[in-house]
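The residues making up each chain are set out below.
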Amino acid sequence: MPTRSDLPGWAAHQAFVQPARLRPEVWRVVLGVFLIIAVGTALNTTLGIVLSTMAPDFWHTDVTGPEGPGHSPGALLLLLLTFGFFTCGAVAAAGLVHRRGWLSLIGPLRPAMAQFRAVALTVIALGAVIALLPPYSTGLNLEPNLAFGTWVALLPLSLVALMVQVSAEEILFRGYLQQQLAARFASPWIWIGVPSLLFAAGHYVPSETGENALWIAVWAALFGALMADLTARAGTLGPAIAVHFVNNMVALLLVSVSDSMGGLALFISPTAASDPALVRAWLPVDFAMMLVSWLAARLALRR
């Protein structure tokens, strides 16, 4: 990996990082991360207190019940929307710790929106073409989950909640952390590597995915690195949010697994995310699809 962030393919990264260079000290980044966690945790705790008081049945059955928060539509919508609390934390960190505007976490808004649209349409078209190619069997015994009418009725809110979730992760990892680390360190091993490893750590959940947890974390680390590359090439979070959005839309709204946030999915597989056979069969496919989506996004950015 090269050691500079101003290579020709990453020229746009310089402007993306520029607002973070005003106050790039490492202690500010540590304080900013602490503030993000504190704000997100405080808002989540407050929401829990309010809901457990005003809607105890929903809170104790759907949200904190033994099946987990993702097994009913309302609980999964709530879970996705609470990611926005960490966006609030990142906005607070940017303003209070680094004295810069919150839009600087995303990059120039118009290019970001145009890039999001171009990349999202490209990745969706790619997925549609791949779905039409043989073999036509997925190897999964899919079962209907939500009734189609219910799924369609919930879809607008589901898409909004999903956007809140993926944009929060991209603002935190490829926005705040990548910008601030790149402002202080020239090496991509740091400004790509550290956020990607932290992103992977957030996806390492042995209690839910069992012996598959490490492989899922490895997948997340590579995904984070590829999204960091797209961000460096684009100079905005638009492409990374687009790829992340389409990926999660498939995993959460179209086909989910029985033990992991299937409340909004049209179809569900009875296979659990902790099943080693599932990961052995599908992880190579997921890795390949991730790489192809990344390449397609890079092509979309060249138009």
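Since this is a predicted model, take the numbers as computed values, not measurements.

Parameters and conventions
Residues numbered from 1 in each chain as written. Predicted model: local features only at pLDDT ≥ 70, side-chain atom pairs only at ≥ 80, totals over all residues. Heavy atoms only, no water. Helix = DSSP H or I, 4+ residues; strand = E, 2+ residues; numbered from the N terminus. Rg over C-alpha atoms; globule rule 2.2 N^0.38 Å. Buried < 20%, exposed > 50% of the residue type's maximum accessible area, 1.4 Å probe, protein only. Contact = heavy atoms within 4.5 Å. Areas by Shrake-Rupley, 256 points an atom, 1.4 Å probe, with all protein chains shown as cover. Lys, Arg positive; Asp, Glu negative; His and termini not counted. Charge placed at Lys NZ, Arg CZ, Asp CG, Glu CD. Salt bridge = Lys/Arg side-chain N within 4 Å of Asp/Glu carboxyl O. Axes fitted to C-alpha atoms, helices over the stretch in contact; angles between N-to-C directions. Parallel < 35°, antiparallel > 145°, perpendicular 65-115°, else oblique. Left-handed = near helix turned anticlockwise from the far one by under 90°. Pairing = 2+ DSSP bridges. Phe/Tyr/Trp six-rings, centres within 6.5 Å; stacked < 30°, edge-to-face > 60°. Lys NZ or Arg CZ within 6 Å of the ring centre and 35° of its normal. Patch = residues over 30% accessible without salt bridge, like charges linked within 9 Å, V, L, I, M, F, W, Y side chains within 5 Å. Arc of directions from axis to C-beta. Expected span 1.5 Å × (residues − 1). Bend = angle between axes of the 7 residues up to and from the residue.

Caption draft 1: Spotlight on the overall build of the chain. Within the chain, the secondary structure is distributed over 13 helices and 3 strands. For 303 residues, the compact-globule estimate of 2.2 N^0.38 gives 19 Å, and the chain sits close to it at 19 Å. Burial statistics for the chain: of 303 residues in total, 45% are counted as buried. Put simply, of all contacts in the chain between residues at least 6 apart along the chain, 76% involve residues at least 24 apart. About 14,700 Å² of surface is accessible on the chain, with carbon and sulfur atoms providing 72% of the total. Mean positive and mean negative side-chain charge positions of the chain (15 and 14 charges, respectively) differ by 23 Å.

Caption draft 2: Examining the pattern of salt bridges more closely. Using the criterion set out here, one finds 3 salt bridges in the structure. Of the charged contacts, one joins R28 and E25 as a salt bridge, the two residues approaching to 2.8 Å between their closest N and O atoms. Classification of R28 by relative accessible area gives buried; the value is 18%. Look at E25 and you get partly exposed, because its relative accessible area is 31%. Notably, a salt bridge pairs D229 with R233, separated by 3.0 Å at the nearest N-O pair.

Caption draft 3: Molecular detail of the packing of helix α5 (residues 84-97) against helix α7 (residues 148-184). At a minimum axis separation of 8 Å, α5 and α7 run at an interaxial angle of 30 degrees. By the criterion of interaxial angle, the relationship of α5 to α7 is roughly parallel. Crossing geometry of α5 relative to α7 is assigned as left-handed. For the pair α5 and α7, the contacting residues are G84, T87, A90 and A93 in the first and V164, A168, I171 and Y176 in the second.

Caption draft 4: Spotlight on unusual backbone geometry. Phi is positive for R99, which is not a glycine, with a value near 55 degrees. Residue position: R99 is located in the loop between α5 and α6 (109-132).

Caption draft 5: Highlighting the sheet that holds strand β1 (residues 143-144). Read from one edge of the open sheet, 3 strands run β1-β3-β2, paired in mixed fashion. Among the strands making up the open sheet, the edge pair consists of β1 and β2 (255-257). Where β2 lies against strand β3 (residues 267-269), 3 bridges are found, and the strand directions are parallel. Within β3, the position partnered with V255 by the bridge is F267. Along the sheet, helix α12 (residues 238-254) makes contact with β2 and β3, crossing β2 at roughly 70 degrees.

Caption draft 6: Local environment of the packing of aromatic side chains. Tallied over the full model, the rule gives 6 aromatic pairs. Taking 5.2 Å as the distance between ring centres and 75 degrees as the angle between the ring planes, the aromatic pair formed by F173 and F199 counts as edge-to-face. Taken together, the residues span a long stretch of sequence, with F173 in helix α7 and F199 in helix α9 (residues 193-202) at a distance of 26 residues. Members of the aromatic cluster, connected to one another through ring pairs, are F173, F199, W219 and F223. Taking NZ or CZ as reference, R174 lies 4.5 Å from the ring centre of F199, over its face.

Caption draft 7: Quick look at a nonpolar patch on the surface. Together, W102, L103, L109 and M113 line one region of the surface with nonpolar side chains, adding up to about 410 Å² of accessible area. Position of W102 relative to the elements: it lies in the loop between α5 and α6.

Caption draft 8: Spotlight on the side chain of S104. Inspection of the secondary structure assignment puts S104 in the loop between α5 and α6. In contact with S104, not counting residues within four places along its chain, are F16, P19 and Q179.

Caption draft 9: Spatial organisation of the side chain of S293. Mapped onto the fold, S293 is located in helix α13 (residues 276-301). By relative accessible area, S293 is classed as buried at 7%.

Caption draft 10: Local environment of α9. For α9, the set of buried residues is G193, P195, S196, F199 and A200. The buried residues of α9 occupy an angular sector of 170 degrees when projected down its axis, which confines them to one face. Residues L197 and G202 are exposed on α9 and point more than 90 degrees away from its buried face. Buried residues in α9 make contact with α7, α8 (188-191), α11 (213-234) and α12.

Caption draft 11: Up close: the environment of F148. Take F148: it is sitting in helix α7. Sequence separation of F148 and L197 is 49 residues, and the distance between their C-alpha atoms is 38 Å.

Caption draft 12: Local environment of α12. For α12, built from 17 residues, the straight-helix expectation of 24 Å at 1.5 Å per residue is met to within 8% by its first-to-last C-alpha distance of 23 Å. The largest bend along α12 reaches roughly 25 degrees and is located at N248. Across the 17 residues that make up α12, a large majority, 13, are buried.

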